[in-house]
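Residues per chain, in single letters:
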Amino acid sequence: MSSSSNAPLRVVVATGNPHKVDEIAAALRFTGWEFVSTAELGGWDSPEETGTTFEDNARIKAQAAHERFGIASLADDSGLVVDALDGAPGVYSSRYGGEEATDADNNAKLLRELADVSDEDRTARFRSVIVLIGEDGTETVASGACEGVIGREGRGNAGFGYDPLFRPTGTPGRTMAQLSMDEKNAISHRGAALMALREKLVG
Ligand code: ITT
């Protein structure tokens, strides 16, 4: 994907979640692209996420921002897939505790649902699908996952969402909320999706 001038490519990150903007900008800082959020550009309402897959919803968000702003856009749709809950909360992760649920509400519900589940059966993974739409409308899709287990209490203050309850297999003894942003990007679903995106773009 190239820009029409020597200026860095300007990419709007189509999300209402500022943590995602920070993680995406940090993971892709090597590109030299300029990342702006929909909040910075203003005048954008998140579209309704009517899809049934992460890819559908990422595409809905990326297309909406591309149409609204006419520049390259990038969206992430992601969630937590818990084996003992048959894959829930999955694409409904942000709304698990109800339409207006906070991260604390979602985490409390997850702990309730898993109260009777043994340590060995608390396996889960985060999934992320990234859709990048170039200025000219060209679409690139990439995905990533991060395996781990769900703890019995929250630990750590970094990150967002279910991070305090999620213990990645790759960082024994620490939850995702106990990692720096660079440590999280090195092992996370979103970091993996962004590296897969890089491979697709530069080969
Ligand atoms: P946008 O749709 O505006 O991007 P969102 O936070 O609602 O923001 P999603 O619809 O993709 O994003 O929902 C993802 C939810 O999955 C998110 O709210 C968290 O509850 C959870 N999640 C995704 N990635 C996560 C991560 O890296 N750490 C912790 N929780 C995560």
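About the criteria used
- Residues numbered from 1 in each chain as written.
- Predicted model: local features only at pLDDT ≥ 70, side-chain atom pairs only at ≥ 80, totals over all residues.
- Heavy atoms only, no water.
- Helix = DSSP H or I, 4+ residues; strand = E, 2+ residues; numbered from the N terminus.
- Expected span 1.5 Å × (residues − 1).
- Buried < 20%, exposed > 50% of the residue type's maximum accessible area, 1.4 Å probe, protein only.
- Polar contact = N/O pair within 3.5 Å; in protein donor to acceptor, adjacent residues only side chain to side chain.
- Near = heavy atom within 4 Å.
- Areas by Shrake-Rupley, 256 points an atom, 1.4 Å probe, with all protein chains shown as cover.
- Phe/Tyr/Trp six-rings, centres within 6.5 Å; stacked < 30°, edge-to-face > 60°.
- Lys NZ or Arg CZ within 6 Å of the ring centre and 35° of its normal.
- Contact = heavy atoms within 4.5 Å.

Engineer: Which residues make up helix H6 (residues 189–202), and what values go with them?
Structural biologist: Helix length check: H6 (14 residues) gives 20 Å between terminal C-alpha atoms against 20 Å at 1.5 Å per residue, within 8%. All buried positions along H6 are accounted for by His189, Arg190, Gly191, Ala193, Leu194 and Leu197. The backbone nitrogen of arginine 190 has a side-chain oxygen 3.4 Å away, supplied by the residue at the start of H6, namely serine 188. Positive backbone phi, at 75°, marks glycine 203, one or two positions downstream of H6.

Engineer: Which residues make up the site of the ligand, and what values do they have?
Structural biologist: Residues in close proximity to the ligand total 20 residues, the closest being Thr15, Lys20, Glu49, Lys61 and Asp163. Backbone polar atom of serine 78 to an oxygen atom of the ligand: 3.1 Å apart, as the coordinates give it. Contact with the protein chains removes 92% of the 610 Å² of surface that the ligand exposes when unbound. Listing elements by their share of the shell around the ligand, those giving two or more residues are strand E3 (72–82) and H6. A per-element tally of the shell around the ligand places E3 first, with four residues.

Engineer: An account of the packing of aromatic side chains is needed here, citing residue identities and associated values.
Structural biologist: Across all of its chains, the model carries two aromatic pairs by this definition. Ring centres 6.2 Å apart and planes at 50° place the aromatic pair tryptophan 33 and phenylalanine 35 in the tilted group. Seen from their ring centres, phenylalanine 126 and phenylalanine 166 are 4.5 Å apart, and the 50° between their planes marks the pair as tilted. Remark: phenylalanine 166 occurs in strand E6 (residues 166–168) and phenylalanine 126 occurs in strand E4 (residues 123–133); sequence separation between them is 40 residues. Judged by relative accessible area, which is 6%, phenylalanine 126 ranks as buried. The aromatic ring of phenylalanine 30 is capped on one face by arginine 198, whose charged end is 4.3 Å from the ring centroid.

Engineer: Which residues make up the side chain of serine 128, and what are the values?
Structural biologist: Mapped onto the elements, serine 128 comes out in strand E4. Classification of serine 128 as buried rests on a relative accessible area of 1%. A polar contact of 2.8 Å, which involves the side chain of serine 128, links it to the side chain of aspartate 76. Those residues within four positions of serine 128 in sequence are excluded, and the remaining contacts are Asp76, Asp77, Ser78, Ala142, Ser143, Gly144, His189, Arg190 and Ala193.

Keep in mind that these numbers describe shape and distance, not what the molecule does.
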